[in-house]
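# Topology and contacts: notes
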Number of protein chains: 2
Amino acid sequence: MDYLALMKEISRPSPTKIVLIVIDGLGGLPNPETGKTELESAHTPNLDTLVTVGECGLADPIAPGITPGSAPGHLALFGYDPISCNIGRGVLEAIGIDVELQPGDVAARGNFCTVDKKGLVTDRRAGRISTEKCTELCRLLDGMSIDDVKILVYPVREHRFVAVFRGSNLVADVTESDPQQTGVAPLSITALNPKAAKLADAANKFAAQAKEILAEQHPANMVMLRGFSRQPDLPTMSEIYKLRPLAIAIYPMYRGLARLVGMDIARTGTTLEDEFTTLGQNYKDYDFFFLHIKWTDSAGEDGDFGRKVDILEQIDRALPDVVNMEPDVLVITGDHSTPAVLSGHSWHPVPLLICSKYCQPDGVRAFSEPAFLQGGLGRLNATQIMPLAMANALKLNKFGA
Amino acid sequence: MDYLALMKEISRPSPTKIVLIVIDGLGGLPNPETGKTELESAHTPNLDTLVTVGECGLADPIAPGITPGSAPGHLALFGYDPISCNIGRGVLEAIGIDVELQPGDVAARGNFCTVDKKGLVTDRRAGRISTEKCTELCRLLDGMSIDDVKILVYPVREHRFVAVFRGSNLVADVTESDPQQTGVAPLSITALNPKAAKLADAANKFAAQAKEILAEQHPANMVMLRGFSRQPDLPTMSEIYKLRPLAIAIYPMYRGLARLVGMDIARTGTTLEDEFTTLGQNYKDYDFFFLHIKWTDSAGEDGDFGRKVDILEQIDRALPDVVNMEPDVLVITGDHSTPAVLSGHSWHPVPLLICSKYCQPDGVRAFSEPAFLQGGLGRLNATQIMPLAMANALKLNKFGA
């Protein structure tokens, strides 16, 4: 079933408001010492109270067994099929540093690297030069024109940068120049289909000119490019759901993903309180809010069980700020699980709570993975969350007569 | 979603080991006298202990309501869509007697039958001749050449045999010669599309020559053919999952199904202990093991509730042999249910247990159908078992960045 097409057909504008709080990496696994997950270990009285009035379940961002990256995890939450809407590495890297891509742009990930006199790679990361040095070198390369293609170069961190190729008829279907090993020269970039010849040519010429420009910049005396990609041409959330959506996120990656699906992006600060304040300030002007909380994922990635528990408790303490705005629908979930015991994203389903006036009681009394197994929403796919939120906000017409 | 394509994209080789134990016909229904299923009736302390450390669920081999044969039941367990990968009867029959088909072969099921002087069928099973007689007659027909097509004939049991047509450009899209009734002549085999004309011609000539050869062999004086099929061209499990898979199965059908998906086939004995010993002997050389246990299904098919319970208890007693090998992932499930009260395969979902270090606790304490209703894996499709096993073995990369 094409869920998005159905949403587009039956959605209707209304004054009701939906708040989607994404606690990044929310789900976890038991601490071997206690047998309890991060959520079971955390003292979360406000979440536990919400559970009693809402409906709970467990959501697979992609499918059972599949560990999602942040991009597919979020696209699924916004209702988009995360497989067919997969986003290339270059675009993701650009999004992650707040580069606003234009339609038709091709973005690539770049590395500064070291080559010897014969042009063979001796260090794929150029000794991990400082971000300051990277910024300085990007300035040397930025703005090059090759035929009608303009190349914009943005520093990321250490040896990493983003190259955006802007011009007509650029097709991203090209090979990479990073040989993934030392002792060989960077590879020539070749078109994987005839339409991509123009981009391949521009990319090779860019690399050749970069080599000249960087000749005296040892160790960062060459560049390698990979992950050439164009941003997918997605229908916006306004088109699909007839919503006015606002994104509140501290990290650029999540703002970028929200921008991809047509959300407005709020200026906010650097703390959870800042994000909730931003929500309040914009509350009357929008009817859908995506609020992203990053730190749970970071703690999970660091394998820091205790810190993840602490952050969950902080979120719980701040939660009344949102509840008191009395959104018609409050959704609390994650884009994937990040169990501290795995120190990374995982395939485990993500706890999902939907609160509205129209929830069926399900008897769950605690916000945790094991408790949510008994939830009224059961086990569902994350792309089904938006339809449920829309339904609970009474923003969907009946299908069929 | 094309799960196999996704697996192929994100799977990675690793030293971790997966053991998939398929207890054929595992699921059951309550004995009307006790109200307990076979699994609830069996004393299975080892399974019950595994349940406390693993995650449980109920798997539909094809879909709710659909009773699978052994072939789709197993293909689903190996992660292949059992509908689109359906295997023809002729190929299945060949596989079931350990015939190794070559690419391009067409296999058909054959019956010896009795015809009268007018050529009309009087007995579709030739009085169920003995398997010895069948073997003798197959020898008379085996090795015939018709143009460039060679026809190999293998006895199965009683009046049943397999005919393998080996030659270039054989398309299996032909009608059958068995009229499914007496009093009429065997039907002429016709091509259902022009490319199948060559096979139809060879099959008709084979039948005509067989009639001459068997003229004096009353009651088995004619043959009928049906189920013409080619083996599907499936990607191997090594290609998809980057595994080195080994099959341990006592019955040829299951070895054949494993061979279809590219598993190596172990030599083993005739008992469960033999199979577990074979597993141990090969344990260091492979990273995926499919171990098939047949007798539960046979007892279920015979409607023998007590015997099925006994066999489940035998399996439970032997299980520590496998557990002590400490596989990274242990999966215990079935290819379908075979409730003794139905004396046959059924549509009921099959108990599924996955054990690894990365299981979310689900509170289930017994290995049975009703207990597994509360399992953390919920209700899932059997094709999702391999992705979950791969994930738990940390053999999958993240999807998307």
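Residues numbered from 1 in each chain as written. Chains lettered and ligands numbered in written order. Predicted model: local features only at pLDDT ≥ 70, side-chain atom pairs only at ≥ 80, totals over all residues. Heavy atoms only, no water.

### Observations concerning the confidence of the model for chain A
Residues at a pLDDT of 70 or more form 100% of chain A, whose mean pLDDT is 96. Interface predicted TM-score (ipTM) for the complex: 0.88; the corresponding pTM is 0.90. (pLDDT = per-residue confidence, 0-100.)

### Describing the sheet that holds strand β2 (residues 55-60) of chain A
All names here are of chain A. Ordered in space as β10-β9-β11-β1-β12-β13-β2-β14, the eight strands form an open sheet in which the pairing is mixed. For this open sheet the edge positions go to β10 (264-265) and β14 (378-381), each flanked by a neighbour on one side alone. Where β2 lies against strand β13 (residues 350-355), five bridges are found, and the strand directions are antiparallel. The partner of C56 across the bridge, within β13, is L353. Contacting β1 (18-23), β9 (245-248) and β11 (288-293), helix α10 (residues 272-282) runs over the sheet at an angle of about 175 degrees to β11. (Pairing = 2+ DSSP bridges. Helix = DSSP H or I, 4+ residues; strand = E, 2+ residues; numbered from the N terminus. Contact = heavy atoms within 4.5 Å. Axes fitted to C-alpha atoms, helices over the stretch in contact; angles between N-to-C directions.)

### What to know about the side chain of S14 of chain B
All names here are of chain B. The topology assignment puts S14 in the loop between α1 (3-10) and β1 (18-23). For S14, a relative accessible area of 17% corresponds to the buried category. In terms of polar contacts, S14 uses its side chain to reach the side chain of T16, at 2.8 Å. Once you skip the residues sitting within four places of it in the chain, S14 turns out to touch D287, A393, L394 and K395. (Buried < 20%, exposed > 50% of the residue type's maximum accessible area, 1.4 Å probe, protein only. Polar contact = N/O pair within 3.5 Å; in protein donor to acceptor, adjacent residues only side chain to side chain.)

### Quick word on the sheet that holds strand β2 (residues 55-60) of chain B
Residues and elements named next belong to chain B. Ordered in space as β10-β9-β11-β1-β12-β13-β2-β14, the eight strands form an open sheet in which the pairing is mixed. Lying at the two open borders of the sheet, with one neighbouring strand each, are β10 (264-265) and β14 (378-381). Bridge count between strand β12 (residues 329-333) and strand β13 (residues 350-355): three bridges; the pairing is antiparallel. Its bridge partner being in β13, L330 is matched across the sheet by C355. Running over the sheet, helix α3 (residues 45-53) touches β2, β12 and β13 and is turned about 65 degrees from β13.

### Here we look at empty space enclosed by the protein
Under the counting rule described, the total for this entry stands at two cavities of 30 Å³ or more. The calculated volume of the largest cavity comes to roughly 50 Å³. Looking at the lining of the largest cavity residue by residue, the class counts come to four nonpolar, three polar and two charged. As a volume, the second largest cavity reaches approximately 30 Å³. Taken together, E369, P370 and L373 of chain A together with E55, Q360, P361 and G376 of chain B make up the full set of residues lining the second largest cavity. By residue class, the composition of the lining of the second largest cavity is three nonpolar, two polar and two charged. (1 Å grid on protein atoms, 1.4 Å probe; cavity = no way out; pocket = protein on both sides within 12 Å on 5 of 7 lines; lining within 4 Å. Points joined across faces, edges and corners; volume = space filled by probe spheres on them. Nonpolar A, V, L, I, M, F, W, Y, C, P; charged D, E, K, R; others polar.)

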